[in-house]
Amino acid sequence: MSLIRTERSDVAASEGRDSACYFCNDSFEMGKLQNHLKQCGSILEQCPLRCGAWIQRKHRDTHVKDCPMMDKNRNSVSPTHVRVSDPEPPSQNKHTWSPRAVPLEECVLYLEKELANIKLVLTEESSNRDLQSTELENLRSKLVLVEDRAQHFLSTLVSLRAALDDEAERSANWAAQFKHDLSNVQLALQELQSQQLTTTMRLESAISSIVHEQNERELLEQALTQHDNRIRTINKLEEVIEYIKQTVEEERQRNSENQAALEAELMEARRSSQQLAHLSTLRVQLQNATSENPAFDRLAVLEVATADVRAEAAEHSNKMDIISRDLRALTKSYNKMRSELADFQARMTLEHPESGSHTGQFIWRIDKFSSRMKDAKEKDTVLTSPLFRTSNYGYTLKAELNLNGIGKWKGRHITCTVRLVPGPYDPLLEWPCDLNINIVLKDQPANRSQTMDIVKSLQLRRKSKLKEDANERSKSTESLDQGILQMKRQHIFIPHASLDKFEYIKNDVMFFEFIVNQ
């Protein structure tokens, strides 16, 4: 049996890489099956107590505990060295020997049966062995075939390796050639990119120069347009100024004529007064003479002459009053014309941002303060600021300044106000208009941190939007429509005594700042 197991193990070991154990049917790799056979628990072994039973190796300890020979051999040193008598035939139900006595014929019969069984097993084993040997021959033939194929595969592999080496060499040559061509292409591409970059830079410079020229051309056109507009405006302004000059000159001539007539009337009145005084003296002398000579009665004649002279003097006085009223009216008309001219000039500056402001904050510089104050005291001159707006498309405003004051503040205060004037965006604005304006008289110290500005607040309200009077529009001047509803204009007042406390007037210059709080 051990020989059969060894051959089977050899056959199993010779089959392939993984072999199955004959006893437990577990698969093992080549070289590990022999170690497994030494420890396999499914291998049949004879009972170590020589009871005649064949048991698997893994059940040996369990069988030893239940073996009937265990009680007989307890006093022996080792159960594996017990000498036992010839085995008796085991019963059919148990694999251990029974101690009872059996007849010899039965033993022989049992042995013959066992021998027949053994022969049968040997026959099966031989047939299996023949089958395995056949399979082994088939495996050997297959192995030879595999070896032939492996040899062919090796030769093919060698040829493929040679072809692969050739192909690798060609590929290397092609790769080297490709790298060389690629480097050439990259160099050409770099040159092309540099040329393209140079061309692009030239184009950009050309485009920038063209754009610059276009911008310069546009700026030049705008400058020319503005220059033309300014020339037209200046021409219109010169025409208006010429017209006003002619009007003023005519008014001056009229005033000079009236003044000459008035002086003549005054001279006549003076002569009349002198005559009246002379007559009064004569009257006194006559009264004295009458008192001395009662018969001399010329007093009635003198009284009649005196009455005539008085009537003539009264007539001359009335004429003088009329001429004085006319002179005052002409003076007012002249001052009004000058104010309208300044207003027109200020309106003409609305198109020039350097003159006004479109941010709601405007600083008004007033030069030649001394001469302007003198004109204000002598002629009640009203200074008008350039037009400015509350925003780019907001309300249009104008400041008016009386350096010598108005009304009961005249001669003691500076009065200033701000009023709305017609603007190009009035139809788009909200009406009624309600503006809060801060008027600041700027201090001009050397250290700006020590400024002491005078701040006044003015509330400007307008119930309806401004309009232009069609009759006044034809005279190239703008004024408010007489039908516009307007609240009483407000003023702010600054005492003249406050001007000397700080540097509000420096180098004969004064600054007013207007801040609109909407």
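Data block above holds the structure.
These numbers were taken from a predicted model, which means no experiment stands behind them.

## Regarding the overall build of the protein chain
A count of helices and strands for the protein chain gives 7 helices and 13 strands. Expressed as a percentage of its 518 residues, the buried residues of the protein chain come to 26%. The contacts in the protein chain between residues at least 6 apart in sequence include a share of 58% that link residues at least 24 apart. Of the roughly 36100 Å² that the protein chain leaves accessible, carbon and sulfur atoms contribute 53%.

## Let's talk about helix α6 (residues 369–379)
Those residues of α6 not exposed but buried are F369, M373 and A376. Considered in projection along α6, the buried side chains sweep an arc of 60° and stay on one side of the axis. Those residues of α6 hidden inside the fold are in contact with β13 (510–517). Remark: D380 follows α6 within two positions and exhibits a positive phi of approximately 55°.

## Details of the pattern of salt bridges
Per the counting criterion, the structure on display carries 10 salt bridges. Across the pair E167 and R170 runs a salt bridge, and its minimum N-O distance is 2.5 Å. Of this pair, E167 and R170 are both found in helix α4 (residues 104–292), 3 residues apart, which corresponds to roughly one turn of the helix. Several salt bridges share partner residues, and in doing so they unite E45, R57 and R60 into one network.

## Focus: the pairing of strand β10 (residues 433–441)
Note that β10 and strand β11 (residues 454–462) share 9 bridges and pair antiparallel. Looking across to β11, one finds that D434 is bridged to R461. As judged from the 6 bridges shared by β10 and β13, these two strands associate in the antiparallel manner. Each residue of the ladder has a partner; that of N436, found in β13, is N517.

## Examining the side chain of S498
By the secondary structure assignment, S498 is in the loop between β12 (492–495) and β13. Judged by relative accessible area, which is 17%, S498 ranks as buried. Excluding its chain neighbours within four sequence positions, the residues that come into contact with S498 are I454 and Y504.

## A closer look at the sheet that holds β11
Spatially, the 4 strands line up as an open sheet ordered β5-β13-β10-β11, and their pairing is antiparallel. Only two strands of the sheet have a single neighbouring strand rather than two, namely β5 (361–366) and β11. If you compare each strand with its neighbour and ignore which way they point, the axes differ by 20° on average. As defined by bridge partners, β5 adjoins β13 across 6 bridges and the pair is classed as antiparallel. Considered in β13, the bridge of R365 is made with F511.

## Quick word on the pairing of strand β8 (residues 396–402)
Where burial is concerned, most of β8 is hidden: 7 out of the 7 residues are buried. In β8, alternate side chains face the same way, and those of T396, K398, E400 and N402 on one face and L397, A399 and L401 on the other are all buried. The turn joining strand β7 (residues 388–389) and β8, which pair antiparallel and follow one another in sequence, is formed by 6 residues.

## Quick notes on unusual backbone geometry
In this model, W431 is joined to P432 through a cis peptide bond whose omega is 5°. Phi at N25 is positive, roughly 65°, even though this residue is not glycine. Tracing the chain through its elements places N25 in the loop between β1 (18–20) and β2 (27–29).

## Section: the packing of aromatic side chains
Enumeration over the complete set of coordinates arrives at 9 aromatic pairs. Both rings, one in Y393 and one in Y425, keep their centres 5.0 Å apart while their planes meet at 90°; by these two values the pair is edge-to-face. Taken together, the residues span a long stretch of sequence, with Y393 in the loop between β7 and β8 and Y425 in the loop between β9 (413–421) and β10 at a distance of 32 residues. A relative accessible area of 56% places Y393 in the exposed class. Of the residues examined, Y425 reaches a relative accessible area of 25% and is grouped as partly exposed. Taken together, the aromatic side chains of F362, W364, F388, F512 and F514 make up a single cluster linked through ring pairs.

## Structural notes on a nonpolar patch on the surface
Taken together, the side chains of L115, I118 and L122 define a hydrophobic patch exposed on the protein surface, amounting to about 270 Å² of accessible area. For L115, the location among the structural elements is in helix α4. On the basis of relative accessible area, L115 is assigned to the partly exposed category, the value being 45%.

## Quick word on the nonpolar core
One finds W364, L397, L401, V418, I439, F512 and F514 to be the most contacted residues of the largest nonpolar core, which totals 34 residues. Ranked by residue count, the leading element in this core is β10, at 5 residues. Those residues in contact with F514, other than ones at most four positions away along the chain, are G360, Q361, F362, W364, F388, A399, C416, V418, N438 and I439. In terms of nonpolar packing, the next biggest core, distinct from the first, is built from 7 residues, C51, A53, V64 and M69 among them.

## Observations regarding the environment of S370
Relative to the elements of secondary structure, S370 occurs in helix α6. Among the residues examined, S370 registers a relative accessible area of 48% and is labelled partly exposed. The sequence separation of S370 and V509 amounts to 139 residues, and the corresponding C-alpha distance is 8.9 Å.

## Observations concerning the state of the cysteines
According to the stated counting rule, one finds 0 disulfides in the structure shown. Counting only cysteine sulfurs, C51 is the nearest neighbor of C47, a cysteine outside any disulfide, at a range of 3.2 Å. Among the residues examined, C47 registers a relative accessible area of 1% and is labelled buried. Left without a disulfide partner, C67 is nearest to the cysteine sulfur of C51, which lies 3.7 Å away.

Here is what the cut-offs are and how they apply
Position numbers for residues start from 1 in each chain and track the written sequence from start to end. Two thresholds apply to this predicted model, a pLDDT of at least 70 for residue-level local features and 80 or more for giving and counting side-chain atom pairs, whereas whole-chain, interface and lining totals are computed over all residues. Side-chain measures here rest on the full set of heavy atoms in the structure, leaving out hydrogens and waters. Only DSSP runs of H or I reaching four residues or more are called helices, and only runs of E reaching two or more are called strands; each is numbered from the N terminus. Only protein chains enter the accessibility calculation, which uses a 1.4 Å probe; a residue whose area is less than 20% of its type maximum is buried, one above 50% is exposed, and one in between is partly exposed. Should any heavy atoms of two residues lie within 4.5 Å, those residues are counted as being in contact. For every accessible area listed, the method is Shrake-Rupley and the probe measures 1.4 Å; residues are considered covered only by the protein chains on display. This arc describes the spread of directions from the helix axis toward the C-beta atoms. One speaks of a salt bridge when a side-chain nitrogen belonging to Lys or Arg is within 4 Å of a carboxyl oxygen belonging to Asp or Glu. The criterion for strand pairing is that DSSP finds at least two bridges linking the strands in question. To define axes, lines are fitted to C-alpha atoms, for helices over the stretch in contact only, and angles between the resulting N-to-C directions are given on a 0 to 180 degree scale. Two aromatic rings, drawn from Phe, Tyr or Trp (for Trp, its six-membered ring), form a pair once their centres lie within 6.5 Å of each other, and the interplanar angle then sorts them: stacked below 30 degrees, edge-to-face above 60, tilted otherwise. Residues enter a patch when their relative accessible area is above 30% and they make no salt bridge; the linking distance is 9 Å between like charges and 5 Å between nonpolar side chains (Val, Leu, Ile, Met, Phe, Trp, Tyr). Buried Ala, Val, Leu, Ile, Met, Phe, Trp, Tyr and Cys residues that are joined via side-chain atoms within 4.5 Å together make up what is termed a nonpolar core. Counting rule for disulfides: a pair of cysteine sulfur atoms within 2.5 Å.

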